[in-house]
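Listed below, chain by chain, are the residues.
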Amino acid sequence: MTASLAIIIVTYNSAEALPGLLETLPAGLDGIRRAEIVVVDNASADGSAELAEAHPMRPRVVRTGRNGGYAAGINAGAGLATYRAAKAAVIHLTRSIAVDLAQYDIRVNAVAPGFIKTDMTSYDMDAVTRFTQPLRRRGRTADVAEAVLYRASDRSAQITGVVLPVDGGTTAGPPAS
């Protein structure tokens, strides 16, 4: 069975990782009748949107305001209530759209990055992850890219309406010790 697929890549200062991610997409698109690649850029200051526009894959680029990781929309916490509420709304929107579009064999999923080192995360991430993330390894943009590729592939053909945290276990709970 061949299907149509829309791949939405949300970027924020992702110029270092974006070209590699775009280069790996064709290998995961075997059997896909039609694929549209959309890069949603969240006010990057590193030329991410321009790189996407110039890339041979010719993704459609949508420039928008800032948007961050979705892990804050899964876990409650002190402070940043409006930020967390906005992220929770995106998660619920993902699930609702998945239900609406399933009748057309269109899957809608989200990837929820946790503490991933980017230009936006200039603070001491080691201190934060030590108290909030069970896995001790710091997340990389490549970890998020791999999750996106899996979600875009036929290996996840039965998955829709799901938010996949890529957060070292942060949404599962704090570290044991």
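What this report covers is the structure whose coordinates are included nearby. Sequence order as written defines residue numbering, which begins from 1 separately in each chain. pLDDT decides what is reported in this predicted model: residues at 70 or higher carry local features, side-chain atom pairs at 80 or more are listed and counted, and totals for whole chains, interfaces and linings draw on all residues regardless. Each side-chain value is derived from all of the structure's non-hydrogen atoms; neither hydrogens nor water enter the calculation.

## Here we look at the overall build of the chain
This is how it is decided: Secondary structure counts use DSSP, requiring at least four H or I residues in a row for a helix and at least two E residues in a row for a strand, with both numbered from the N terminus. Note on exposure labels: buried denotes an accessible area under 20% of the residue type's maximum, exposed denotes more than 50%, and partly exposed covers the range between, all computed with a 1.4 Å probe on protein chains only. For accessible areas, the Shrake-Rupley method is used with a probe of radius 1.4 Å. Any residue's cover is judged against the shown protein chains and nothing else.
In terms of regular secondary structure, the chain is built from 6 helices and 5 strands. With 177 residues in all, the chain has 38% of them scored as buried. Of the roughly 10,100 Å² that the chain leaves accessible, carbon and sulfur atoms contribute 58%.

## Regarding the environment of Tyr12
Assignment of secondary structure puts Tyr12 in the loop between strand E1 (3-11) and helix H1 (18-28). A relative accessible area of 12% means that Tyr12 is categorised as buried. Residues Tyr12 and Ala43, 31 residues apart in the sequence, show an inter-C-alpha distance of 6.6 Å.

## Comments concerning the nonpolar core
Our working definition: Think of a nonpolar core as a cluster: buried Ala, Val, Leu, Ile, Met, Phe, Trp, Tyr and Cys residues, connected wherever their side-chain atoms sit within 4.5 Å. Contacts are assigned to residue pairs that have any heavy atoms within 4.5 Å of one another.
Ranked by size, the top nonpolar core spans 16 residues in total, and within it Ile7, Ile9, Leu18, Leu22, Leu25, Ile37 and Val39 carry the most contacts. Mapped onto this core, the elements with two or more residues apiece are E1, H1, strand E2 (32-42), helix H2 (48-54) and helix H6 (141-152). Among the elements that line this core, the one with the most residues is H1, at 4 residues. If we ignore the near neighbours within four places in the chain, the residues touching Val39 are Ile9, Thr11, Leu18, Ala52, Pro59, Arg60, Val61 and Val62. Ranked by size, the runner-up nonpolar core spans 6 residues in total, among them Val111, Ile116, Val144 and Val148.

## A few points about H6
Cut-off, in case you're wondering: Expected span of a helix, by definition, is 1.5 Å for each gap between consecutive residues, and there is one gap fewer than residues.
Here H6 is 12 residues long and its end C-alpha atoms lie 17 Å apart, about the 16 Å a rise of 1.5 Å per residue gives. The complete set of buried residues in H6 reads Asp143, Val144, Ala145, Ala147, Val148, Leu149, Arg151 and Ala152.

## Section: the pattern of salt bridges
What counts, and what does not: Only one rule defines a salt bridge in this text: a Lys or Arg side-chain nitrogen within 4 Å of an Asp or Glu carboxyl oxygen.
Taken as a whole and assessed by the stated rule, the structure comprises 3 salt bridges. One salt bridge connects Asp126 with Arg138, and the closest N-O pair in it is separated by 2.6 Å. Of this pair, Asp126 sits in helix H5 (residues 125-132) while Arg138 is found in the loop between H5 and H6, placing the two residues 12 residues apart along the sequence. For Arg138, a relative accessible area of 28% translates into the label partly exposed. When salt bridges that share partners are traced, they join Arg137, Arg140 and Asp143 into one network.

## A closer look at the side chain of Thr129
Counting through the fold element by element, Thr129 comes out in helix H5. For Thr129, a relative accessible area of 7% gives the class buried. When neighbours within four sequence positions are excluded, Thr129 is seen to be in contact with Phe115 and Arg136.

## Remarks on the packing of H1 against H6
Each pair of packed helices can be summarised by the angle the axes make with each other and by the distance between the axes. For clarity, the cut-off: Axis lines are fitted to C-alpha atoms, over the contacting stretch for helices. Their N-to-C directions set the angle, which ranges from 0 to 180 degrees. In this scheme, roughly parallel covers angles under 35 degrees and roughly antiparallel covers those over 145, while 65 to 115 is roughly perpendicular and the rest are oblique. Here a crossing is taken to be left-handed if its near helix is turned anticlockwise relative to the far helix by less than a right angle, and right-handed if that turn runs clockwise. We call Asp, Glu, Lys and Arg charged. Ala, Val, Leu, Ile, Met, Phe, Trp, Tyr, Cys and Pro are nonpolar, and the rest, Gly among them, are polar.
Where H1 meets H6, the axes come as close as 10 Å, and the angle between the chain directions of the two elements is 25°. Judged by the angle between their axes, H1 and H6 are roughly parallel. Between H1 and H6 lies a crossing of right-handed hand. Of H6, the residues touching H1 (which contributes Leu21, Thr24, Leu25 and Gly28) are Ala145, Leu149 and Ala152. Taken together, the residues of the contact of H1 with H6 sort by class into 5 nonpolar, 2 polar and no charged.

## What about the environment of Ala157?
Within the secondary structure, Ala157 sits in the loop between H6 and strand E5 (163-166). For Ala157, a relative accessible area of 46% translates into the label partly exposed. Sequence separation of Ala157 and Asp105 is 52 residues, and the distance between their C-alpha atoms is 9.5 Å.

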